[in-house]
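Commentary on secondary and tertiary structure
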Amino acid sequence: MNIIREDSITTVEPEINKPVIRDIIISLIAFFLIGTVLYKVLKPVSFIPPEILNSISVLVAILFAICLLNQKYPLDLLLPFNIKFVSIYVLPALFVCLLIYSPRIWSDYTGASPIPQEYKIFSELGSTWKIIFLIDFCLLGPITEELFARGFVYRILKSRYNILLSVVISSVIFQILHGFSMETLLNLRILMVSLIFTYVYEKTGTIWSSIITHSLNNIFWLIFVYLNVRIWFNIEKNGVYN
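Here the residue numbers are simple positions, counted from 1 along each chain's written sequence. For a predicted model such as this one, the threshold for reporting local features is a pLDDT of at least 70, and the threshold for listing and counting side-chain atom pairs is 80 or more; totals across whole chains, interfaces and linings nevertheless cover every residue. Excluded from the side-chain calculation are hydrogens and water; included are all heavy atoms of the structure.

**Regarding the pattern of salt bridges**
- The term salt bridge refers to a pairing of a side-chain nitrogen on Lys or Arg with a carboxyl oxygen on Asp or Glu at a separation within 4 Å. Under the counting rule described, the total for this entry stands at 4 salt bridges.
- Residue Lys72 pairs with Asp23 through a salt bridge whose shortest N-O separation is 3.3 Å. In this pair, Lys72 sits in helix α3 (residues 50–72) while Asp23 sits in helix α2 (residues 20–42), placing the two residues 49 residues apart along the sequence.
- Think of it in three bands: with a 1.4 Å probe and only protein chains considered, a residue is buried below 20% of the maximum accessible area for its type, exposed above 50%, and partly exposed in between. Among the residues examined, Lys72 registers a relative accessible area of 42% and is labelled partly exposed.
- The exposure class of Asp23 is buried, given its relative accessible area of 9%.
- When salt bridges with common partners are traced through the structure, they connect Arg22, Asp23 and Lys72 into a single cluster. Each helix is a run of DSSP H or I of at least 4 residues and each strand a run of E of at least 2, with the numbering of both proceeding from the N terminus.

Now the structure itself:
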């Protein structure tokens, strides 16, 4: 099966002294500055819920960082790929990701375990903001995070350094994009799924494979958490499993 790989056509061929690390650091600094400034400027005058405003600020900041890197290290998103071949890696990877997150999904939310912050944010929003949250959480977030962490950072580093270093740095940056939690296990889970997304991208040669895996992971995670929270709510309220 002939698979056209993105990195086989758009691979960066830097010179020995090409400052790829500097370019990545600059993009990260731009991400932090734009995200922070945008949030702080809009928060006092905005009618947007703080959680949604934060998501919008992060989205804009990542897009700006992507644009910076794309000027020197362009990524062709229109390359064809075989969906059947991609699914061979996406579906098992999705299953493993859900297993990794399963302790946060199938928990006793009557008090033994706190309800995940993402679900709490979602449940407290109005109808319109719920739709915007879902679009960001299930679509725009996965697209921009995968483009930046793997489509650019991982691809650029792999063209200059060894694959292990590229995986480690891109996974740490992926963790930074999500913020560091007080829950050590949650940080570990994010790093683990990042490794899985990188594996899928590496094996299929198309960034769309990791985007699809990431998006489906978020969708199913939210569905399963919602169902489980409703189950425990019914048990607590009615004393029955419903």
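Read on for the rest.
**Looking at the layout of surface pockets**
- Approximately 1,400 Å³ is the volume found for the largest pocket.
- Looking at the lining of the largest pocket, the elements with two or more residues in it are α2, α3, α4 (83–105), α5 (117–124), α6 (127–158), α7 (163–178), α8 (184–204) and α9 (207–238).
- Looking at the lining of the largest pocket element by element, the count peaks at 8 residues for α3.
- When the residues that make up the lining of the largest pocket are grouped by side-chain class, the tally is 26 nonpolar, 16 polar and 8 charged. Whether a set of points on the 1 Å grid over the protein atoms alone is a cavity depends on a 1.4 Å probe fitting there but being unable to get out, while an open set qualifies as a pocket with protein on both sides within 12 Å along at least five of seven lines; lining residues are those with an atom within 4 Å of a point. Grid points are joined across faces, edges and corners, and a volume is the space filled by probe spheres set on the points. Note on residue classes: Ala, Val, Leu, Ile, Met, Phe, Trp, Tyr, Cys and Pro are nonpolar, Asp, Glu, Lys and Arg are charged, and everything else, Gly too, is polar.

**Considering a nonpolar patch on the surface**
- Each patch is built from residues that are more than 30% exposed by relative accessible area and take part in no salt bridge. Like charges join if they lie within 9 Å; nonpolar side chains (Val, Leu, Ile, Met, Phe, Trp, Tyr) join within 5 Å. To be clear on the numbers: accessible area is Shrake-Rupley with a 1.4 Å probe, and residue cover counts the displayed protein chains and nothing else. Taken together, the side chains of Ile21, Ile25, Ile29 and Leu33 define a hydrophobic patch exposed on the protein surface, amounting to about 350 Å² of accessible area.
- Along the chain, Ile25 falls in helix α2.

**As for the nonpolar core**
- The criterion is simple. A nonpolar core is a set of buried Ala, Val, Leu, Ile, Met, Phe, Trp, Tyr and Cys residues joined through side-chain atoms within 4.5 Å. Tyr101, Phe133, Val193 and Trp221 are the most contacted members of the largest nonpolar core, which has 32 residues in total.
- Put simply, the parts of the chain that give this core at least two residues each are α3, α4, α5, α6, α8 and α9.
- It is α4 that provides the largest number of residues to this core, a total of 9 residues.
- What makes two residues a contact is simply this: any of their non-hydrogen atoms within 4.5 Å. Residue contacts for Trp221: discarding those within four places in its chain leaves Leu98, Tyr101, Arg104, Ile105, Pro116, Glu118, Tyr119 and Phe137.

**Structural notes on the packing of aromatic side chains**
- Any Phe, Tyr or Trp ring, taking Trp's six-membered ring, that has another such ring centre within 6.5 Å forms a pair; planes under 30 degrees apart are called stacked, those over 60 apart edge-to-face, and the others tilted. Using the criterion set out here, one finds 11 aromatic pairs in the structure.
- Centroid distance Phe122 to Phe133: 5.6 Å. Interplanar angle 40°. Geometry classified as tilted. Placement of Phe122 in helix α5 and of Phe133 in helix α6 is noted, with a sequence separation of 11 residues between them. Note on accessibility: Phe122 and Phe133 belong to one class, buried.
- Three or more aromatic residues joined by ring pairs make a cluster, and in this case those are Phe122, Phe133, Phe137 and Trp221.
- Should the NZ of a Lys or the CZ of an Arg lie within 6 Å of a ring centre and within 35 degrees of the ring normal, that charge is described as sitting over the ring. If you follow Lys130 out to its NZ or CZ, it ends over the ring of Phe122, 5.5 Å from the centre.
- Positioned over the ring face of Phe174 is Arg150, at 4.7 Å from the centre of the ring.

**Structural notes on α8**
- An expected span of 1.5 Å times one less than the residue number is assigned to each helix. Compared with an ideal rise of 1.5 Å per residue, which puts 21 residues at 30 Å, α8 spans 31 Å between its outermost C-alpha atoms and is within 8% of the ideal.
- Those residues of α8 not exposed but buried are Leu186, Asn187, Arg189, Ile190, Val193, Ser194, Ile196, Phe197, Thr198, Val200, Tyr201 and Thr204.
- Gly205 sits one or two residues past α8 and shows a positive phi near 80°.

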